[in-house]
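Close look at the chain arrangement
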Amino acid sequence: MNVTLKVWRQKSKNEPGRFVSYAVRNVSPDASFLEMLDVLNVELVKKGEEPIAFDHDCREGICGSCGIVIDGRAHGPGRGAATCELRMRSFREGDTIVAEPWRAAPFPVIKDLIVDRTAMDRIMYAGGYVSAKTGGVPDGNAILIPKPVADEAMDAASCIGCGACVAACPNSSAMLFVGAKVSQLALLPQGKVEAKRRVERMVDQMDKEGFGNCSNNYACEAECPKEISVTHIARLNMEFLKTTVA
Amino acid sequence: MEKLIAFYNSSIGKKVTMSLTGLFLCTFLVEHLVGNMILFAGREAFDSYSEFMVANPIIRAVEYLLFASLLFHPLVGLLLWINNKRARPQKYDVYMLKENTPLASRITMLTGSLVFLFLVVHLRTFFIPLRFAEVKPSPYGLVVEAFSSAPYCAFYLVALVFLAYHLRHGFQSAFQTLGLRTKSYIGLLDAVAFIFWFIIPLGFAAMPIYFYFFQPATTAAATALGVH
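Summarised in this report is the structure supplied together with it. (Residues numbered from 1 in each chain as written. Chains lettered and ligands numbered in written order. Predicted model: local features only at pLDDT ≥ 70, side-chain atom pairs only at ≥ 80, totals over all residues. Heavy atoms only, no water.)

1. Examining the overall build of chain B
Looking only at helices and strands, one finds ten helices and zero strands in chain B. The order of α-helices and β-strands along chain B, N terminus first, is α-α-α-α-α-α-α-α-α-α. Summarising its shape, the C-alpha atoms of chain B cover approximately 60 × 45 × 35 Å along the three principal directions. Every one of the 228 residues in chain B was classed for burial, and the buried ones make up 43%. In chain B, the proportion of contacts linking residues at least 24 apart, taken out of those at least 6 apart, comes to 77%. With the model as given, the accessible surface of chain B reaches about 12600 Å², and the carbon-plus-sulfur share is 73%. Computing the positive centroid from 17 side-chain charges and the negative centroid from 11, chain B places the two 14 Å apart. (Helix = DSSP H or I, 4+ residues; strand = E, 2+ residues; numbered from the N terminus. Buried < 20%, exposed > 50% of the residue type's maximum accessible area, 1.4 Å probe, protein only. Contact = heavy atoms within 4.5 Å. Areas by Shrake-Rupley, 256 points an atom, 1.4 Å probe, with all protein chains shown as cover. Lys, Arg positive; Asp, Glu negative; His and termini not counted. Charge placed at Lys NZ, Arg CZ, Asp CG, Glu CD.)

2. So, the nonpolar core
Note on soluble globular proteins: their nonpolar side chains tend to be buried together. The biggest cluster of nonpolar side chains holds 84 residues, and the ones touching the most others in it are Val178 and Phe211 of chain A. The element best represented in this core is helix 8 (residues 150-177) of chain B, accounting for ten residues. Inspection of this core shows a minimum of three residues originating in each of domain 1 (3-110) and domain 2 (117-245) of chain A. When residues no more than four places from it in sequence are discounted, the contact partners of Phe211 of chain A are Pro106, Phe107, Ala119, Met120, Ile123, Val166, Ser172, Ser173, Ala174 and Met206 of chain A together with Asn83 and Ala87 of chain B. In terms of nonpolar packing, the next biggest core, distinct from the first, is built from 29 residues, Val24, Leu37, Ile70 and Phe91 of chain A among them. (Core = buried A, V, L, I, M, F, W, Y, C linked by side-chain atoms within 4.5 Å. Domains from an automatic or database assignment.)

3. Side note on helix 2 (residues 118-127) of chain A
Residues and elements named next belong to chain A. Within the span of helix 2, buried status applies to Ala119, Met120, Ile123, Ala126 and Gly127. The buried side chains of helix 2 occupy one side of the element, clustering within an arc of 110 degrees when seen end-on. Against the buried residues of helix 2 lie helix 5 (175-186) and helix 7 (195-209). (Arc of directions from axis to C-beta.)

4. Points about the side chain of Glu100 of chain A
Looking at where Glu100 of chain A falls in the secondary structure, it is placed in strand 5 (residues 96-100). When its relative accessible area of 0% is taken as the criterion, Glu100 of chain A is described as buried. If we skip the residues at most four places from it in the chain, Glu100 of chain A touches Trp8, Phe19, Ile68, Val69 and Leu113 of chain A together with Lys91, Tyr92, Asp93 and Val94 of chain B.

5. Re the pattern of salt bridges
All names here are of chain A. Taken as a whole and judged by the stated rule, the model has 19 salt bridges over all chains. Across the pair Glu50 and Lys111 runs a salt bridge, and its minimum N-O distance is 2.5 Å. Here the residue Glu50 occupies a position in the loop between helix 1 (33-46) and strand 3 (69-70), and Lys111 occupies one in strand 6 (residues 109-111), the gap between them amounting to 61 residues. Given the relative accessible area of 46%, Glu50 is considered partly exposed. Assessed through its relative accessible area of 26%, Lys111 is described here as partly exposed. (Salt bridge = Lys/Arg side-chain N within 4 Å of Asp/Glu carboxyl O.)

Written out as structure tokens, the structure is:
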């Protein structure tokens, strides 16, 4: 299939960027969006032009490296898939596809479609871990956790930290990301020990990084490649409230 | 106190302020609607209810809380809105938010601002004459007079549509911010939210419709003047 790609090109963090249109010819409808970029980049290199820079790693939707806003949607059209899982058959022959980097003040563009997402790492450093010694692998059923709670924690833990929630949110809020990270640990006995300190520090860091405020319109949940529920944001709010009230 | 200031300074703290003031305003809406229903019982009943409300010290005390909420809710909302705009200095060329979110949630700031403007006019029409005029008019008469005007009725009804949209998003949002919109309560919350965003504005809409269509203009003018 043939499409036109209108893509954001920006040489570096400090230089202004602009949109450039490229004709992409003979792409397989079964190619992923990233593979389409690979095909285009080969052409660009052959012509002696700078290839389009984009983040990628596993290319099977589990690492959280890739992330492009495609036609106004984080990770492109469809639900529950990262950019690497988006197939070209999602578009029509002759379409003009607009590809932009995540747009948020805490995510400055490094080059073309690559943004600096270390703000999310700094939120994790602030408290997204268990520092208590949990010992070796416990015997089966030594720590009893009800199945629904374990499932809920597992759902939260499926967050791959891609930043689509921030990119999709009209306020560039990171509440779904922080909600998932706080939730997965707050639900489990190993994480409960430091729950209070964790939520205080992670929310504080999130605010310092300059993310916006959640206005509960749930665009994040709709665009999350792991379909993480906004009920984790409710849990984050509750955990944070408990630190002040209790 | 230090803990409270730190809480308020956080993003979640400001959202909780929005939530609590919003929910307080929602409880006021219930009281206001129930009280206004007395309008259908006639002039005497409504005027004596109005008199009771003005004379009641508890109601007067709660009134301060109401005005504080009316001030803080839009003010903190504005602060959050400015902050949110700063979080995305470079806009998207194409941004399909409408594919992922309901309309009500995308226009909360707009509907809120319009409801606030409506409230200014609303207070000017009813509250200020009733509270500050040298010769206190009949509350029932004021209502009849206001709703005998077609443009005022239309303005009132349009404002109620904006209020409905504001509550459509705001009510569930308030519970989400308080951490109470959990999987087990989403169904119940949606049902209660329906009462707030649909039934209550509909109840308020009944008044201009009733007074405009079912009260002859001559009677309306006579009642406004206090002629029995």
